[in-house]
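Structural features, examined
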Amino acid sequence: MTAPSAQEESSTTAQHKEEFDKSSSDPILSSDEAINMAPTDQPQKGRRHQCFEASDYPFGSLFTVLLFEAIVVSVLEGLRVSQTATQASQCVLTPAGVGVSYTNLIYRGLVIAAPLYQLLLCVDTLKQRCTAQLYALILFGFLFILFAGIQTYQNQILQRWMIDLGCLDAQQETAPQYEYALLAVIPASFLMFVACCVRLYSCFHWTCQTYPNPRFKKAAIALSTLLALIKLDLYFCFALAVQLTPSALLRYDTTPLEALLVGTLGLLFFLIAWYAIQNERPWVLAFITVIVAVSIGYFAFRVTTFAQPRLSGQDPYQMTRYSLLYSLLVLVILVTLTTGVSAACTRNMMQGVKIFVRNTI
């Protein structure tokens, strides 16, 4: 084997020197530049990547369980509405009685709307693969079980009221069978749904990317949590507004205008908050945070109004008190959590920690 020539050695040495000079000329980032450096575009690999390839059936099972629940609940509630309408047609209703019948239809509609909204949340969760939204979906399912239980109790009050009007014979009372069927279907579906979530938990993530600084990861988690919370706020705000619509017929302390404002402002604030989050506008989000914090006082005031004891025969909330209090208390808790997380997100944005504007989550 021949030794390398002097010309080859000189060319190799010059090449190494050129590479060293090039690497030495790269700028060194300061601490501030490192904090504001964009997250890497390299997605997390390993267990999550394998899960996307091997878990089509479990993901389909999760959607199928909620779809089955929505169909069964809709059918049972449809039968329940038909039965109530048949019973009410056998007696003469007073204006207050018409209001109670109208309210009963509203609650039947809310029971149907809850699993449908849960199905939409499921589709969004499976698309985003976000852990915060998965927890929100599980929380919504648990709250739906509580709401169904309250409706079963309120249905017993409705049955007693219809017996007093002569619309139903106490010995022929068969309507609660549908309510008890719902109490069996909804918790059973929830348990199967939770089992699917436990199996698929490793496929979800708090953030979609890796970040060069922990502040980016914390900010991404806060933003994803805030997005999940405002979706829950939207539904329960809508549910409260719908429950307040028969206020004139039932002689509530509220007015139909208040119900309209609750629903309209709830939707408006949701859209503004969504815009502020996606475009990371700190001052817009700060404004919404203050408004939402003020709304907690309104909800707390209505809790005291609806919980106030009334004389027998002069209680306009006899049929609806527990559902109204439940919706208000859930809103107080959710809105309080939303306010805290929104304040944290606002602080991160004002400190220059941006996530969505870099298109990295």
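Residues numbered from 1 in each chain as written. Predicted model: local features only at pLDDT ≥ 70, side-chain atom pairs only at ≥ 80, totals over all residues. Heavy atoms only, no water.

What follows covers the overall build of the protein chain. Helix and strand content of the protein chain: twelve helices and zero strands. Reading the secondary structure of the protein chain in the N-to-C direction produces α-α-α-α-α-α-α-α-α-α-α-α. A buried classification covers 45% of the 361 residues belonging to the protein chain. If you take every contact in the protein chain between residues at least 6 apart in sequence, the share linking residues at least 24 apart comes to 84%. Carbon and sulfur atoms make up 65% of the accessible area of the protein chain, which amounts to about 19000 Å² in all. (Helix = DSSP H or I, 4+ residues; strand = E, 2+ residues; numbered from the N terminus. Buried < 20%, exposed > 50% of the residue type's maximum accessible area, 1.4 Å probe, protein only. Contact = heavy atoms within 4.5 Å. Areas by Shrake-Rupley, 256 points an atom, 1.4 Å probe, with all protein chains shown as cover.)

With that out of the way, let us pick up the nonpolar core. With 81 residues, the main nonpolar core has L62, F140, F193, F236, L240 and L324 as its most contacted residues. Of all the elements in the fold, those that place two or more residues in this core are α4 (56-88), α5 (95-128), α6 (131-164), α7 (176-200), α8 (214-243), α10 (256-279), α11 (282-307) and α12 (321-350). In terms of residues, this core owes the most to one element, α8, which gives 14 residues. Dropping the residues within four chain positions of it, L240 is found in contact with V262, F299, L324, L328 and L331. (Core = buried A, V, L, I, M, F, W, Y, C linked by side-chain atoms within 4.5 Å.)

Moving on: a nonpolar patch on the surface. Taken together, the side chains of L257, L260, L261, L265 and L268 make up a nonpolar region of the molecular surface, amounting to roughly 460 Å² of accessible area. If you trace the backbone, L265 turns up in helix α10. Among the residues examined, L265 registers a relative accessible area of 35% and is labelled partly exposed. (Patch = residues over 30% accessible without salt bridge, like charges linked within 9 Å, V, L, I, M, F, W, Y side chains within 5 Å. Salt bridge = Lys/Arg side-chain N within 4 Å of Asp/Glu carboxyl O.)

Before going further, it helps to spend a moment on α8. Taking 1.5 Å as the rise per residue, α8 with 30 residues should run 44 Å; its terminal C-alpha atoms sit 44 Å apart, in good agreement. Of all 30 residues that make up α8, 21 are buried, and the element is covered over most of its length. (Expected span 1.5 Å × (residues − 1).)

As enumerated under the stated definition, the model contains eleven aromatic pairs in all. A network of ring pairs unites the aromatic residues Y117, F140, Y235 and F236 as a single cluster. (Phe/Tyr/Trp six-rings, centres within 6.5 Å; stacked < 30°, edge-to-face > 60°.)

Moving on, we come to the confidence of the model for the protein chain. Per-residue pLDDT for the protein chain averages 77, and the proportion of residues at 70 or more is 72%. pLDDT under 50 marks residues 16-50. Its contacts with residues more than four places away, or in other chains, come to 35 contacts. (pLDDT = per-residue confidence, 0-100.)

Now for the environment of D233. Tracing the backbone through its elements, the reader meets D233 in helix α8. In the structure, D233 is positioned 34 residues away from L267 in sequence and 9.6 Å away in space, judged by C-alpha atoms. At 2.6 Å, the side chain of D233 forms a polar contact with the side chain of T338. (Polar contact = N/O pair within 3.5 Å; in protein donor to acceptor, adjacent residues only side chain to side chain.)

With that out of the way, let us pick up the pattern of salt bridges. Per the stated rule, a full pass over the model turns up three salt bridges. Two residues, E77 and R108, come together in a salt bridge whose shortest N-O distance is 2.4 Å. Of this pair, E77 sits in helix α4 while R108 sits in helix α5, and the two are 31 residues apart along the sequence. Each of the two residues, E77 as well as R108, counts as buried. In this structure, D124 engages K231 in a salt bridge whose closest nitrogen and oxygen atoms are separated by 2.3 Å. Linking D124 in helix α5 with K231 in helix α8, this pair joins segments that are 107 residues apart in sequence.

For T125, the position within the fold is in helix α5. Of the residues examined, T125 reaches a relative accessible area of 2% and is grouped as buried. If we skip the residues at most four places from it in the chain, T125 touches C130, Q133, L134, L137 and F204.

Moving on, we come to the side chain of R302. By the secondary structure assignment, R302 is in helix α11. We classify R302 as buried; its relative accessible area is 10%. Those residues in contact with R302, other than ones at most four positions away along the chain, are D253, T254, E258 and L328.

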